[in-house]
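# Analysis of the macromolecular model
Each chain, letter by letter, is given below.
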Number of protein chains: 2
Amino acid sequence: MATDTSKRDNRITELLRRREKHFAGSFLLYQEPVEIVRGEGIWLYDSQGNRYLDCYNNVASVGHCHPRVVEAMHRQASTLNTHTRYLNEKIIDYAAHLAGTLPEGLDVCLFCCTGTEANELAMRIARSVTGHRGAIVIEHAYHGNSTLVGELSACTYPPAERPDHIATMEPPNTYRGSFRRGATLSETELAEQYAAQADPAVRQLQDVGQGVAAFICDAIFDTQGTLDAPPDYFKGVYEKVRAAGGLCIADEVQAGFGRLGEKMWGFELYGVVPDIVTMGKPMGDGHPVAAVVTRRDIADAFMQKVIYFNTFGGNPVSAAVAETVLTVIEEEKLQQNALEVGRYLRKELDRLAEKHPLIGDIRGRGLFIGIELVKGHQTLEPAFVEAYTISEKMKDDGILIGSTGRFGNVLKIRPPLVFSRENADLLIGSLDRQLTAVLN
Amino acid sequence: MATDTSKRDNRITELLRRREKHFAGSFLLYQEPVEIVRGEGIWLYDSQGNRYLDCYNNVASVGHCHPRVVEAMHRQASTLNTHTRYLNEKIIDYAAHLAGTLPEGLDVCLFCCTGTEANELAMRIARSVTGHRGAIVIEHAYHGNSTLVGELSACTYPPAERPDHIATMEPPNTYRGSFRRGATLSETELAEQYAAQADPAVRQLQDVGQGVAAFICDAIFDTQGTLDAPPDYFKGVYEKVRAAGGLCIADEVQAGFGRLGEKMWGFELYGVVPDIVTMGKPMGDGHPVAAVVTRRDIADAFMQKVIYFNTFGGNPVSAAVAETVLTVIEEEKLQQNALEVGRYLRKELDRLAEKHPLIGDIRGRGLFIGIELVKGHQTLEPAFVEAYTISEKMKDDGILIGSTGRFGNVLKIRPPLVFSRENADLLIGSLDRQLTAVLN
């Protein structure tokens, strides 16, 4: 899959040269990189005049450059931007608003700037409050980029390098995991079997003297290929973790803020109440704002032991932006839109699945959907090259999607929440074409 | 020092009540908290109509709500805000501009959102590249709020809790440390004596098998009470750290971006070139943007081993804001202003010192000044209560300053860089009054 650079624009060549000289820290998407210069709603535009339907970016979740968000940012940035060691109404109003979207008891917010910082803080809280140091994560999980949170991110390093304060458990992958749907096991039995994977993880942490500080999990299982866990899965795991003295952290950086349609937060789909919720990406429609929400008893126990302060966290501009994003989600009924358009999209995808045997499984909720491509419905051999090629070719069609999962064979559909049925039709049209083309 | 709440505004009372219910993660400055509602240039305004001369906040370093910064943010946020996995010119332009302010060779930028994230990334790079895990920090240092960076922040926990991958060394405090100015030692000898404190730190890390991954230090020694190290101090320490196979990290979150007047970066005052430079706070005039700058060989060695990506880091809005801040520093000659007004302020403070025996020592550079208060020039007994009281009373005079140092007895003067001589005169007037009043 060598890159054909013969048609590369001089401008792109020069940008790549300068990037190579002065920049590091992220790889570019697509074999032939795209220079994005403008965004509006569901659309992104490149420097060569092409328009792309954004079916991939969950950060700009109320739409690229939402005018109300931009206006709120501008107004507040023109008025005041400082830290939370002075009183300011904005962040208190937002904290109350945000807490109101969560189950009773989860009503204290600590603000920071990124999902990594939120998960770092959640782990510091869990370790401080429980007195334990260990964490249970799902195999191939991703939770961020700091030292500790990087260690929680099992997908970023080989299992042999896992430190002894981290234990992993098998994801509840009922398509290709140890226990599968459609066989003899009921949903309840599937939940029990997968939740039981927490037992050896607990023992492992206890045996090395780390104990269980926390179980941290993303309810949509993004990096595991987007999984639909059995309904009682989290209840089972939470019970075991709490019995071991650990706290349950719901990482809602991917699943939160209405994307899953039925509920505002991913964990709500599973009827559990976590001890700590972390959130980030879509919270500020691109502005760096993130949060930890927990109970007052937990927050107080932490703050009594640890000196914690985040200079930028909860500043008035971040507060104004986040408040506007949340208001837009509510007033524009974007959670409802995720539910309805998600259902429509799912129905259309099910039709594609009947036509294209490459599609092995379709999973997810609302506007977070994974389409697993396989070479055979019995072998489940991952169709990695096909997934990669389809994603590349759809870009040439003007449609941005991604791929995920341990084998990179799960197409990821995760558009801004303003995604419409017409947008879904465009996506389906391109996907249909490329599913055919990739086999020819 | 019980708070007199009898005159507390109903609005403040209500804000405090709601804050107590829904917020955690930072303590409020001042016994009677201030509700700040507006900022403009060097001034902050509270909800009761009071105006404050800001002599404390280094984040809004080109002035609160600088119109060019606000305008750049607004324009870019209206156009595009996305991540660095698409090509975008803004962040490449900024990376080249920023690298141009640093010594040759330090020309690769990795972007993140906070100083904590920058120091986290610097440590991950240092560990990855050296294969060692240990870090040498200055006693009572502060470098941020994540798990690892919290461990580097020796001022946030008792020495008994220090993990074995951290070794501390005595700060080069020539006023009250083991080796003092004005006695028999020359500056060269002082530098040698303090740099020699790195030797046992290196041995300690090697003895426990951690080795030396990095020495990390802030050249203005903010939390140590603002220190003027002997000129050859960093040369000596860097030599020892490098001999042990470690990298030298300059934490410029506090000292960088022209605040120290003579040079753009704190380490430049000491004639050394670090392997990694971290920066944050003033970089975006309040917008959450931060960076690590290093050499290409180091960045490449890291990126080959570690999967690193920061969703918000280096987004086009952060790039536009940071580019404008750097341009404003240059075009408004704010580094030169820090030098000139800093010298004027220092001269006026020296006059106060002749009049007020509470002032034991005045240190710092440019617009980062520490004034150490003591009860006796021989005993050096820290005048903590006096420092606290003066800071509180100056607030009532409409002047915001802070206090720092291991004993909390060092007044901290660290205003936005637009600070003028007239502003300095106001500060001096209030400080003069309160230095007298505190003894009566």
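Computed from a predicted structure; not experimentally measured. (Residues numbered from 1 in each chain as written. Chains lettered and ligands numbered in written order. Predicted model: local features only at pLDDT ≥ 70, side-chain atom pairs only at ≥ 80, totals over all residues.)

### What to know about the overall build of chain A
Looking only at helices and strands, chain A features 13 helices and 15 strands. For chain A, the C-alpha radius of gyration of 22 Å lies close to 22 Å, the compact-globule estimate for 440 residues. Dimensions of chain A along its principal axes, counting C-alpha atoms only, are 60 × 60 × 45 Å. Relative to its 440 residues, chain A shows a buried fraction of 59%. For chain A, the proportion of contacts with a sequence separation of at least 24, taken over those separated by at least 6, is 75%. (Helix = DSSP H or I, 4+ residues; strand = E, 2+ residues; numbered from the N terminus. Rg over C-alpha atoms; globule rule 2.2 N^0.38 Å. Buried ≥ 20, exposed ≤ 12 C-beta atoms within 10 Å, placed from the backbone. Contact = placed C-beta atoms within 7 Å.)

### Looking at the sheet that holds strand 3 (residues 51–54) of chain B
Residue and element names in this part refer to chain B. In spatial order, the strands read 1-2-3-13; together these four strands make up an open sheet with mixed pairing. The sheet is open, and its two borders are formed by strand 1 (36–40) and strand 13 (399–400), each paired with just one other strand. Sheet topology places strand 1 next to strand 2 (residues 43–46); four bridges connect them, and they run antiparallel. Of the residues in strand 2, the one forming a bridge with R38 is Y45. (Pairing = 2+ DSSP bridges.)

### Digging into the pairing of strand 2 of chain B
Residues and elements named next belong to chain B. Once strand 1 ends, the chain turns through two residues before running back antiparallel as strand 2, passing G41 with a positive phi of about 60°. Bridge analysis of strand 2 against strand 3 gives three bridges, and the strand direction is antiparallel. Bridging from a neighbouring strand, L44 pairs with Y52 of strand 3. Hairpin connection between strand 2 and strand 3: a loop of four residues separates the two successive antiparallel strands, and G49 in this loop has a positive phi of roughly 90°.

### Some thoughts on the packing of helix 2 (residues 67–79) of chain B against helix 10 (residues 316–331) of chain B
Residue and element names in this part refer to chain B. Contact geometry for helix 2 and helix 10: axes closest at 8 Å, N-to-C directions at 155°. One element, helix 2, and the other, helix 10, form an angle in the roughly antiparallel class. Judged by the twist between their axes, the crossing of helix 2 over helix 10 is right-handed. Residue-level contacts link R68, V69, A72, M73, Q76 and A77 of helix 2 to P316, V317, A320, V321, T324, V325 and V328 of helix 10. (Axes fitted to C-alpha atoms, helices over the stretch in contact; angles between N-to-C directions. Parallel < 35°, antiparallel > 145°, perpendicular 65-115°, else oblique. Left-handed = near helix turned anticlockwise from the far one by under 90°.)

### Topic: the domain arrangement of chain A
Residues and elements named next belong to chain A. In terms of domain boundaries, chain A breaks down into domain 1 (10–62 + 333–437) and domain 2 (67–331). For domain 1 and domain 2, the distance between their C-alpha centres works out to 25 Å. On the domain 2 side, the residues contacting the 27 residues of domain 1 number 29 residues. When residues in the side of domain 1 that touches domain 2 are grouped by element, the largest group, five residues, is from helix 11 (residues 334–355). (Domains from an automatic or database assignment.)

### Considering the packing of helix 4 (residues 115–130) of chain A against helix 9 (residues 296–305) of chain A
Residues and elements named next belong to chain A. Between helix 4 and helix 9, whose axes approach to 9 Å, the crossing angle comes to 85°. Taken together, the axes of helix 4 and helix 9 lie roughly perpendicular to each other. Listed contacts from helix 9 to I125, S128 and V129 of helix 4 are I298, A301, F302 and K305. A class-by-class count of the residues in the contact of helix 4 with helix 9 yields five nonpolar, one polar and one charged. (Nonpolar A, V, L, I, M, F, W, Y, C, P; charged D, E, K, R; others polar.)

### Let's talk about the relation of the copies chain B and chain A
Rotating chain B by 180° and translating it 0.0 Å along the rotation axis places it on chain A, where the RMSD comes to 0.0 Å. On the angle and the small slide along the axis, the relation comes out as a two-fold axis. Residue H74 of chain B of chain B places its C-alpha closer to the rotation axis than any other residue of that unit, at 2.8 Å. When you check the interface residues of chain B against chain A, 100% turn up at the interface there too, and the contact is symmetric in its surfaces. (Least-squares fit on C-alpha atoms with pLDDT ≥ 70 in both.)

### Description of the environment of I428 of chain A
All names here are of chain A. Mapped onto the secondary structure, I428 falls in helix 13 (residues 421–437). On the neighbour-count criterion, I428 (18 C-beta atoms within 10 Å) is partly exposed. Considered as a pair, I428 and M303 are 125 residues apart in the sequence and their alpha carbons are 50 Å apart. In this structure I428 touches E348 and L352, once residues within four positions along its chain are discounted.

### Looking at the interface of chain B and chain A
Each partner contributes to the interface: chain B provides 75 residues, whereas chain A provides 76 residues. Elements that contribute at least two residues to the side of chain B that touches chain A include exactly helix 1 (10–22), strand 1, helix 2, helix 3 (89–99), strand 4 (108–112), helix 4 (115–130), helix 5 (147–152) and helix 9 (296–305) of chain B.

### Topic: helix 6 (residues 187–195) of chain A
Residues and elements named next belong to chain A. The set of residues buried in helix 6 consists of L190, A191, Y194 and A195. Burial along helix 6 is one-sided: seen end-on, the buried residues are contained in an arc of 120°. Close packing links the buried residues of helix 6 with helix 7 (198–207) and helix 8 (233–243). (Arc of directions from axis to C-beta.)

### Some points on the sheet that holds strand 4 (residues 108–112) of chain A
Residue and element names in this part refer to chain A. Spatially, seven strands are ordered 4-10-9-8-7-5-6 in an open sheet, and the strand pairing comes out mixed. The open sheet is flanked by strand 4 and strand 6 (166–169), the only strands paired with a single partner. Put simply, the sheet's adjacent strands are angled 20° from each other on average, direction ignored. Note that strand 5 (residues 134–138) and strand 7 (residues 212–217) share three bridges and pair parallel. For I136, the partnering residue across the bridge sits in strand 7 and is F215.

### Topic: the environment of P288 of chain B
Within the element layout of this structure, P288 of chain B appears in the loop between strand 9 (276–279) and strand 10 (290–294). Here the alpha-carbon distance between P288 of chain B and V59 of chain B, two residues 229 residues apart in the chain, equals 9.9 Å. When neighbours within four sequence positions are excluded, P288 of chain B is seen to be in contact with C113, P288 and F312 of chain A together with C113 and T114 of chain B.

### Considering the pairing of strand 6 (residues 166–169) of chain B
Residues and elements named next belong to chain B. Bridge analysis of strand 5 (residues 134–138) against strand 6 gives four bridges, and the strand direction is parallel. Across the sheet, the residue bridging to I138 is M169, located in strand 6. Handedness of the crossover joining strand 5 and strand 6 through helix 5: right-handed. (Right-handed = clockwise from strand over helix to strand, strands pointing away.)

### Points about helix 11 (residues 334–355) of chain B
The first and last C-alpha atoms of helix 11 of chain B sit 31 Å apart over 22 residues, in line with the 32 Å expected at 1.5 Å per residue. Buried residues along helix 11 of chain B sit in contact with helix 10, strand 11 (359–365), strand 12 (368–373) and helix 13 (421–437) of chain B. (Expected span 1.5 Å × (residues − 1).)

### A short note on the nonpolar core
Within the largest apolar cluster, 287 residues are counted, with the highest numbers of intra-cluster contacts made by A291 of chain A together with A291 of chain B. Contact partners of A291 of chain A, with chain neighbours within four places excluded, come to L98, C109, L110, F111, C112, A118, M279 and M283 of chain A. (Core = buried A, V, L, I, M, F, W, Y, C linked by C-beta atoms within 7 Å.)

### Section: unusual backbone geometry
Residue and element names in this part refer to chain A. In this model, Y30 sits at a positive phi of 75°, which is unusual for a non-glycine residue. Here Y30 shows up in the loop between helix 1 (10–22) and strand 1 (36–40). Under the C-beta neighbour-count criterion, Y30 is labelled partly exposed, with 15 such atoms within 10 Å. Even without a glycine there, the phi angle at H140 is positive, about 65°. One can find H140 in the loop between strand 5 and helix 5 (147–152).

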